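Here is how the chains run, residue by residue.
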Amino acid sequence: MTPPNTGGISFESVGELAQDSAGPRLGNAEVAEPTEWRASFYSRSAGHGCTSTLIGPQSLLTAAHCVGAGQEASIKVEDVPYSGTCVHHPDYPADPSADYALCKMTKPVPGVPYERVNTNPKALKVGMYLRLTGFGCVSISGTGPIDNVYRVGNSPITALPGELPHEPNSIITTATVVEDAILCRGDSGGPAFIESDMSSARVVASVNSRVSPVQRRSYMSSLTSEKAMAWIKQWSDAAVDQRICGLPNAPDGCR
């Protein structure tokens, strides 16, 4: 995946990408319709390609390895810049599965349908499919160059947090057939979703973290592991302008 970044990072809006969702499918992922992912953001930073998600007017979620602790993340919506300082989960980097960063924007980002986070651990089950998203590479091996296209794809859960050694926060999916998605460089920090039959009903289950190309495993840091839930709630409760969609203090404008 993306090498750890100890500095800041700049993101641009997926919703403003000029790409055609009718474009060719690439192995195990399809080109996304940008307007359906307006709360997602991508980075082309050299060596630090990453993805992030707005989960509240001033709350940006990404992977801890995408941005340094105490460093700044910036996004741009309709040419208007927004920025904020990021904090890491306290267990990272000693625990790689705690790969969470929350960034508080200095002002609200309007006009974006903020994604909701999952708060129900029981909504995740082995065998169910997650919707993986990201601005990643083009090879189904999980490696290779980034082609500047935002893609989405489904992959089955094969392990939940705590079911594998040293993975207390990880949801793991395994691509067992060519149609299954696998994470790769550039997807880091992006959201994986639980989706219902209705395309408008989805919640963020996790943050894209790591990949094992040989085993075709993708590792996502779950938002509903015990430690993640406690930390996210504590961060959101700390200030009224850090509210998060899906939590009891949810702001207006959630998807």
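Residues numbered from 1 in each chain as written. Predicted model: local features only at pLDDT ≥ 70, side-chain atom pairs only at ≥ 80, totals over all residues. Heavy atoms only, no water.

Student: Would you mind going over the overall build of the chain with me for this structure?
Tutor: Broken down by element type, the chain carries one helix and 15 strands. Considering the chain as a whole, with its 255 residues, one finds that 53% of them fall into the buried category. For the chain, contacts bridging at least 24 residues in sequence account for 68% of all contacts bridging at least 6. (Helix = DSSP H or I, 4+ residues; strand = E, 2+ residues; numbered from the N terminus. Buried < 20%, exposed > 50% of the residue type's maximum accessible area, 1.4 Å probe, protein only. Contact = heavy atoms within 4.5 Å.)

Student: Sorry, what's going on with the environment of Val177 here?
Tutor: In this fold, Val177 is placed in the loop between strand E12 (170-174) and strand E13 (191-195). By relative accessible area, Val177 is classed as partly exposed at 41%. In this structure the C-alpha to C-alpha distance between Val177 and Ser155, which are 22 residues apart in sequence, comes to 9.4 Å.

Student: Help me understand the packing of aromatic side chains in this model?
Tutor: Here a ring pair, both rings aromatic, is described through the centre-centre distance and the interplanar angle of the planes. Throughout the structure, instances matching the rule amount to three aromatic pairs. Their ring planes at 50 degrees and their centres at 6.5 Å tell us that Trp37 and Tyr150 sit as a pair that is tilted. Of this pair, Trp37 sits in the loop between strand E3 (30-31) and strand E4 (40-42) while Tyr150 sits in the loop between strand E10 (129-134) and strand E11 (151-159), and the two are 113 residues apart along the sequence. The exposure class of Tyr150 is buried, given its relative accessible area of 0%. Where Tyr100 meets Trp231, the ring centres are 6.3 Å apart and the plane angle is 40 degrees; that geometry is what we call tilted. Here Tyr100 is found in the loop between strand E8 (80-88) and strand E9 (101-105), whereas its partner Trp231 is found in helix H1 (residues 226-237), with 131 residues between them in sequence. By the ring-pair criterion, three or more aromatic residues cluster together here, those being Trp37, Tyr150 and Phe193. (Phe/Tyr/Trp six-rings, centres within 6.5 Å; stacked < 30°, edge-to-face > 60°.)

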